Amino acid sequence: MLEWLKTNATAARDKLSAEVSKFKNREFMEAVVSGCALVAAADGDISSSEKQKMIGFIQNSNELKAFDVKDVIKSFSDVCDKFEFDQQIGRAEALKAIGQLRKKEDAARLLVRVCCAIGSADGNFDESERAACRTICNELGLNPGDFDL
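Summarised in this report is the structure supplied together with it. Note that the structure is a prediction, hence the values are computed from the model and not measured.

## Quick notes on helix α7 (residues 105-119)
Next up, step 1: A rise of 1.5 Å per residue sets the reference length of α7, with its 15 residues, at 21 Å; its end C-alpha atoms lie 21 Å apart and thus fit the reference within 8%.
Next up, step 2: Burial analysis of α7 places 12 of its 15 residues in the buried class, which makes it a mostly covered element.
Next up, step 3: If you check which residues of α7 are buried, you get A107, A108, L110, L111, V112, R113, V114, C115, C116, A117, I118 and G119.

This is the structure we're talking about:
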């Protein structure tokens, strides 16, 4: 999956965009935003530069353009605030939102693919980001190997 994303980035983003449009609802958006925050917090902290990078990604993301940008940014900021208050509380709340998709396999698999795309958005899908994506897989009952994690 990772190699495929690297070699076919444009096609992958277009496909993810089309798939996200199928799941345009608040529950899915909150799960995606929580996944974004979990990946951003993978190194133990969501710095202001990471927030700016993530908000920029959200605003320009083909994957997330199906949602109202203001709602996405507000939701992302709310999740980040929880991480800033307490890392464990933020993680637990993010996983709770992500877990809402556990019984919706198509949406859950898409969430993982979006989080992988977000993790590799800067060209460096490092081990901490990959570990965050594996955690998301585990929360959703998915096999991380299906996503080359």
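## Thoughts on the side chain of R130
Next up, step 1: Assignment of secondary structure puts R130 in helix α8 (residues 127-140).
Next up, step 2: What makes R130 buried here is its relative accessible area of 16%.
Next up, step 3: Within polar-contact distance, the side chain of R130 engages the backbone oxygen of D148 at 2.8 Å.

## A few points about the nonpolar core
Next up, step 1: L111, V112, I136 and L140 are the most contacted members of the largest nonpolar core, which has 42 residues in total.
Next up, step 2: In terms of residue count, helix α3 (residues 26-40) provides more of this core than any other element does, 10 residues in total.
Next up, step 3: Residues in contact with V112, not counting those within four places in the same chain, are I136, C137, L140, L142, F147 and L149.

## A short note on the packing of α3 against helix α6 (residues 87-99)
In a pair of packed helices, the angle between the axes and the distance between the axes together describe the arrangement.
Next up, step 1: The contact between α3 and α6 brings their axes to 8 Å, and the two run at 145 degrees. Where α3 crosses over α6, the handedness of that crossing is left-handed. Taking contact as the criterion, the partners of E30, A31, S34, G35 and L38 in α3 are, on α6, R91, A94, L95, A97 and I98.
Next up, step 2: Looking at the contact of α3 with α6, its residues break down into 6 nonpolar, 2 polar and 2 charged.

## Focus: the environment of I98
Next up, step 1: As for its position among the elements, I98 is in helix α6.
Next up, step 2: C-alpha separation for the pair I98 and V112, spaced 14 residues apart in sequence, amounts to 9.8 Å.
Next up, step 3: Dropping the residues within four chain positions of it, I98 is found in contact with A31, S34, G35, L38, L111, I136, E139 and L140.

## Here's the deal with α3
Next up, step 1: Spanning 15 residues, α3 covers 21 Å between terminal C-alpha atoms, matching the ideal 21 Å at 1.5 Å per step.
Next up, step 2: Along α3, 12 of the 15 residues are buried, which leaves the element largely enclosed by surrounding structure.
Next up, step 3: Among the residues making up α3, those that are buried are F28, M29, A31, V32, V33, S34, G35, C36, A37, L38, V39 and A40.

## Re the side chain of S34
Next up, step 1: With respect to the helices, strands and loops of the structure, S34 is situated in helix α3.
Next up, step 2: A residue is classified by how much of its surface remains accessible, and S34, at 3% relative accessible area, is buried.

## Concerning the pattern of salt bridges
Next up, step 1: Using the criterion set out here, one finds 7 salt bridges in the structure.
Next up, step 2: Salt-bridge contacts for E27 lead to K104; the nearest nitrogen and oxygen are separated by 2.3 Å. Note that E27 is positioned in helix α3 and K104 in the loop between α6 and α7, a separation of 77 residues in sequence.
Next up, step 3: One continuous salt-bridge network, built from bridges that share partners, spans E127, R130 and R134.

Rules of the game
- Residues numbered from 1 in each chain as written.
- Predicted model: local features only at pLDDT ≥ 70, side-chain atom pairs only at ≥ 80, totals over all residues.
- Heavy atoms only, no water.
- Helix = DSSP H or I, 4+ residues; strand = E, 2+ residues; numbered from the N terminus.
- Expected span 1.5 Å × (residues − 1).
- Buried < 20%, exposed > 50% of the residue type's maximum accessible area, 1.4 Å probe, protein only.
- Polar contact = N/O pair within 3.5 Å; in protein donor to acceptor, adjacent residues only side chain to side chain.
- Core = buried A, V, L, I, M, F, W, Y, C linked by side-chain atoms within 4.5 Å.
- Contact = heavy atoms within 4.5 Å.
- Axes fitted to C-alpha atoms, helices over the stretch in contact; angles between N-to-C directions.
- Left-handed = near helix turned anticlockwise from the far one by under 90°.
- Nonpolar A, V, L, I, M, F, W, Y, C, P; charged D, E, K, R; others polar.
- Salt bridge = Lys/Arg side-chain N within 4 Å of Asp/Glu carboxyl O.

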